Amino acid sequence: MDFLDKLLSIDFNYILIGFIVVFYSMEQILRTRFNFNKRPGHLFHNLLFQIVLYVSNIFYATVTVFSIVWLNKHQVGLLYLVDIPLWVKLVVGVVLFDLTTYWFHRLAHKVPLIWSFHKVHHSDTTMDASTTFRGHPVESLLWFGTSNIVAAAIFGLDLTTMGLYFLVSTPFVFMEHSNLRYPKWLDKTFGLIFTTPNLHKIHHDQDQHYTDSNFSDIFIIWDRLFATYTYKPVEEINLGLKEFDEDKKQTFWYLMKSPFIKIKRIASEELTNIDKTSV
Ligand SMILES: [Zn+2]
Ligand SMILES: [Zn+2]
């Protein structure tokens, strides 16, 4: 596992920078239906989220590492009960981290307090790869950080497996948010098992029926298994949330304070009415 150790020793921030540069450039060259103006401003506001996240992550990472090391030391978790080869443990571990993320993501849509922070990620009405960065720092504490510790506690997963999970899921999340045109046959083949970019875009539709579906990060099988899978042709998707559909509500400052402001969620039926009146 020498190669894996070397791979995991790379500073994760370099990996993020690499992905954003590659995807942002490709989006600029290959224009798509979701093409929009003012990309530099959009990038600027989303990058501010990543900077805040970088600072707050120093705290979250310390808590996560400390907790998982403690759990492993006391051999807490189901995988400690079975004797399986290391590589099997790694593969199964990545699958189990993804399963836990699925349930925490579903919870984030269900629990109003967590949704008030998670909706910042959904607020983007003009998505591109930089939307990957748009997430409220408090959400990381309520959801991401807790999710990984809970996965480690239930299943007995370690830090190497978590590092591998991040390595595998990162290209997925950049692709899922990227503003590129992906063929539909990808959804019909790869999309039977994995979350394709089009399937995640459905999760970013303004209609709550679709927002509350396709929660999976890597394996769409969780949505298929737990009855939260939906499909809609990508050209029919309206990105974002209607209640954030104004330029002044797309800024870093507004989005940071938005969980503390009373913002009424616009339901599916109301959306249809708005559409009818605007025709
Ligand atoms: Zn979501
Ligand atoms: Zn997303």
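Focus on the coordination of the zinc ion (ligand 2)
In this structure, His121 (NE2), His177 (NE2), His200 (NE2) and His204 (NE2) serve as the protein donors to the zinc ion (ligand 2), at separations of 2.1 to 2.2 Å. Classification of the site at the zinc ion (ligand 2) rests on its four donor atoms, whose angles at the metal span 91 to 167°, yielding the label irregular. As a motif over one chain, the donors of the zinc ion (ligand 2) read H-x55-H-x22-H-x3-H. Between the zinc ion (ligand 2) and the zinc ion (ligand 1), a spacing of 6.0 Å is present. Taken as a pair, histidine 121 in helix H5 (residues 112-122) and histidine 200 in helix H9 (residues 197-203) lie far apart in primary sequence, 79 residues in all. Each member of the pair histidine 121 and histidine 200 is classed as buried.

Examining the side chain of histidine 136
Within the secondary structure, histidine 136 sits in the loop between H5 and helix H6 (137-155). Taking relative accessible area as the criterion, histidine 136 reaches 3% and is therefore assigned buried. Discounting chain neighbours no more than four positions away, the residues touching histidine 136 are Phe49, Phe117, Val120, Leu255, Met256, Pro259 and Phe260.

Some details on a nonpolar patch on the surface
Judged by side-chain polarity, Leu78, Leu81, Val82, Ile84 and Ile154 come together as a nonpolar surface patch covering roughly 460 Å² of accessible area. With respect to the element layout, isoleucine 84 can be found in the loop between helix H3 (39-73) and helix H4 (86-110). Overall, isoleucine 84 belongs to the partly exposed group, its relative accessible area being 31%.

A look at the pattern of salt bridges
Between side chains of opposite charge, a pair can form when the charged atoms approach closely. Under the counting rule described, the total for this entry stands at nine salt bridges. A salt bridge links aspartate 245 to lysine 242; its shortest N-O distance comes to 3.7 Å. Here lysine 249 ties to glutamate 246 by a salt bridge, and the two come within 3.2 Å at their closest N and O atoms. On the basis of relative accessibility, which here comes to 18%, the residue lysine 249 falls in the buried class. The class for glutamate 246 is partly exposed, based on a relative accessible area of 38%. Through salt bridges with shared partners, one network takes in Glu27, Arg39 and Asp128.

Side note on the coordination of the zinc ion (ligand 1)
Around the zinc ion (ligand 1), the protein supplies His105 (NE2), His109 (NE2), His118 (NE2), His122 (NE2) and His203 (NE2) as donor atoms, at distances of 2.1 to 2.2 Å. For the zinc ion (ligand 1), all donor residues lie on one chain, and their spacing in sequence is H-x3-H-x8-H-x3-H-x80-H.

Looking at the packing of aromatic side chains
Under the defined criterion, the tally for this structure stands at 20 aromatic pairs. Seen from their ring centres, phenylalanine 12 and phenylalanine 166 are 6.0 Å apart, and the 45° between their planes marks the pair as tilted. Taken as a pair, phenylalanine 12 in helix H2 (residues 12-29) and phenylalanine 166 in helix H7 (residues 159-177) lie far apart in primary sequence, 154 residues in all. On the basis of relative accessibility, which here comes to 29%, the residue phenylalanine 166 falls in the partly exposed class. Seen from their ring centres, phenylalanine 244 and tyrosine 254 are 6.2 Å apart, and the 75° between their planes marks the pair as edge-to-face. On the criterion of sequence distance, the pair formed by phenylalanine 244 in the loop between helix H11 (221-225) and helix H12 (252-257) and tyrosine 254 in helix H12 is long-range, its members being 10 residues apart. A relative accessible area of 0% means that phenylalanine 244 is categorised as buried. What makes tyrosine 254 buried here is its relative accessible area of 16%. Here the aromatic cluster, defined as three or more aromatic residues joined through ring pairs, consists of Phe172, Phe190, Phe194, Phe219 and Trp222. One Lys or Arg, arginine 39, reaches over the ring of tyrosine 24 and ends 3.9 Å from the middle of that ring.

What counts as what
- Residues numbered from 1 in each chain as written.
- Chains lettered and ligands numbered in written order.
- Predicted model: local features only at pLDDT ≥ 70, side-chain atom pairs only at ≥ 80, totals over all residues.
- Heavy atoms only, no water.
- Donors = N, O, S within 2.8 Å, 3.2 Å for Na, K, Ca; no water.
- Tetrahedral: all angles 85-135°; square planar, octahedral: opposite > 155°, others 65-115°.
- Helix = DSSP H or I, 4+ residues; strand = E, 2+ residues; numbered from the N terminus.
- Buried < 20%, exposed > 50% of the residue type's maximum accessible area, 1.4 Å probe, protein only.
- Contact = heavy atoms within 4.5 Å.
- Patch = residues over 30% accessible without salt bridge, like charges linked within 9 Å, V, L, I, M, F, W, Y side chains within 5 Å.
- Areas by Shrake-Rupley, 256 points an atom, 1.4 Å probe, with all protein chains shown as cover.
- Salt bridge = Lys/Arg side-chain N within 4 Å of Asp/Glu carboxyl O.
- Phe/Tyr/Trp six-rings, centres within 6.5 Å; stacked < 30°, edge-to-face > 60°.
- Lys NZ or Arg CZ within 6 Å of the ring centre and 35° of its normal.

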